[in-house]
Amino acid sequence: AQTVTQSQPEMSVQEAETVTLSCTYDTSENNYYLFWYKQPPSRQMILVIRQEAYKQQNATENRFSVNFQKAAKSFSLKISDSQLGDTAMYFCAFMPGSGGSNYKLTFGKGTLLTVNP
Amino acid sequence: EPEVTQTPSHQVTQMGQEVILRCVPISNHLYFYWYRQILGQKVEFLVSFYNNEISEKSEIFDDQFSVERPDGSNFTLKIRSTKLEDSAMYFCASRYEQGDTQYFGPGTRLTVL
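Predicted model only: the values in this text are computed from it and were never measured. (Residues numbered from 1 in each chain as written. Chains lettered and ligands numbered in written order. Predicted model: local features only at pLDDT ≥ 70, side-chain atom pairs only at ≥ 80, totals over all residues. Heavy atoms only, no water.)

Caption draft 1: Highlighting the overall build of chain B. Looking only at helices and strands, chain B has 0 helices and 11 strands in total. Each helix (α) and strand (β) of chain B, taken in turn from the N terminus, gives the series β-β-β-β-β-β-β-β-β-β-β. Its C-alpha radius of gyration of 13 Å places chain B within 12% of the 13 Å reference for a compact globule of 113 residues. Over its C-alpha atoms, taken along the principal directions, chain B stretches across nearly 40 × 25 × 25 Å. Out of the 113 residues in chain B, the part that is buried amounts to 45%. (Helix = DSSP H or I, 4+ residues; strand = E, 2+ residues; numbered from the N terminus. Rg over C-alpha atoms; globule rule 2.2 N^0.38 Å. Buried < 20%, exposed > 50% of the residue type's maximum accessible area, 1.4 Å probe, protein only.)

Below you can see the structure in the form of structure tokens.
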């Protein structure tokens, strides 16, 4: 079974600064996908970024980028130029790349990020 | 942009009552999921559904739970006899094909009194 660990329950950052959220995972799979989801106070789950394990290049989406270290099983999220709207709970999630039609997501416990003005 | 929708946004029920949570996945998606998030805890997988049958379910998904796709658009989660511990946010998600991203609905907050 896969596990996802987010070791930072809470973090804070000043507006316009850069912050990095950590995530590690454990799996015996070789093919898989990793995601960061954002959950603002409305509690909706919003996809931030995804990474395919077979791709060496780190994914980027505007101000969001990841540092994917496959050998270390590490998948951190960097938010540049933090904005007040980035305040949310951030969940790291793992999805196996094989397994028939299941492809369920396994989530970490989340990191609550607060962006201060 | 297409999105997953869920109704109701908030459901309050008495312990022992049956509830049905409804989801409309993105129209061309083939795989459907229900997840649960108890307040302050992580999101947990409940069940996956493909080709009109359950493909996997978690330990949480006991005999009190059932899912159905009664027509070409809706995907429902039924809890037959609710318990206090069923109080949670329930998320529906869908995806199109193998390895693709799961897109989540806005969730239904279920409160069992």
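Caption draft 2: Spatial organisation of the packing of aromatic side chains. Applying the stated criterion to the full structure yields 20 aromatic pairs over all chains. Taking the ring centre of Tyr31 of chain B as reference, the NZ or CZ of Arg95 of chain B above it sits at 3.9 Å. (Phe/Tyr/Trp six-rings, centres within 6.5 Å; stacked < 30°, edge-to-face > 60°. Lys NZ or Arg CZ within 6 Å of the ring centre and 35° of its normal.)

Caption draft 3: Layout of the nonpolar core. Residue and element names in this part refer to chain A. One finds Tyr25, Trp36, Phe75, Leu77 and Tyr90 to be the most contacted residues of the largest nonpolar core, which totals 25 residues. Every element with two or more residues in this core is listed here: β3 (19-21), β5 (32-39), β6 (46-52), β8 (64-69), β9 (74-79), β10 (88-96) and β12 (111-116). Per-element tally for this core: the top contributor is β10, with 4 residues. (Core = buried A, V, L, I, M, F, W, Y, C linked by side-chain atoms within 4.5 Å.)

Caption draft 4: The arrangement of the interface of chain A and chain B in detail. Of the residues lining the interface, 21 residues belong to chain A; the matching set on chain B comes to 25 residues. In total, about 2100 Å² of surface goes out of reach between chain A and chain B, with carbon and sulfur atoms giving 53% of it. At the surface where chain A touches chain B, the tally comes to 1 salt bridge. For Glu56 of chain B, the salt bridge identified is with Lys104 of chain A, shortest N-O distance 2.8 Å. Applying the counting criterion to the chain A and chain B interface returns 7 residue pairs in polar contact (both at pLDDT 80 or more). Where the side of chain A that touches chain B is concerned, the elements lending two or more residues are β5, β6 and β10 of chain A. At 4 residues, β5 of chain A tops the list of elements feeding residues into the side of chain A that touches chain B. When the residues that make up the side of chain A that touches chain B are grouped by side-chain class, the tally is 10 nonpolar, 7 polar and 4 charged. (Contact = heavy atoms within 4.5 Å. Buried area = accessible area lost by both parts, 1.4 Å probe. Salt bridge = Lys/Arg side-chain N within 4 Å of Asp/Glu carboxyl O. Polar contact = N/O pair within 3.5 Å; in protein donor to acceptor, adjacent residues only side chain to side chain. Nonpolar A, V, L, I, M, F, W, Y, C, P; charged D, E, K, R; others polar.)

Caption draft 5: Representation of the pattern of salt bridges. Using the criterion set out here, one finds 6 salt bridges over all chains in the structure. A salt bridge links Glu44 of chain B to Arg36 of chain B; the shortest N-O distance between them is 3.6 Å. Classification of Glu44 of chain B as partly exposed rests on a relative accessible area of 24%. Look at Arg36 of chain B and you get buried, because its relative accessible area is 9%. Via salt bridges that share partners, Arg50, Glu52 and Lys55 of chain A belong to a single interconnected network.

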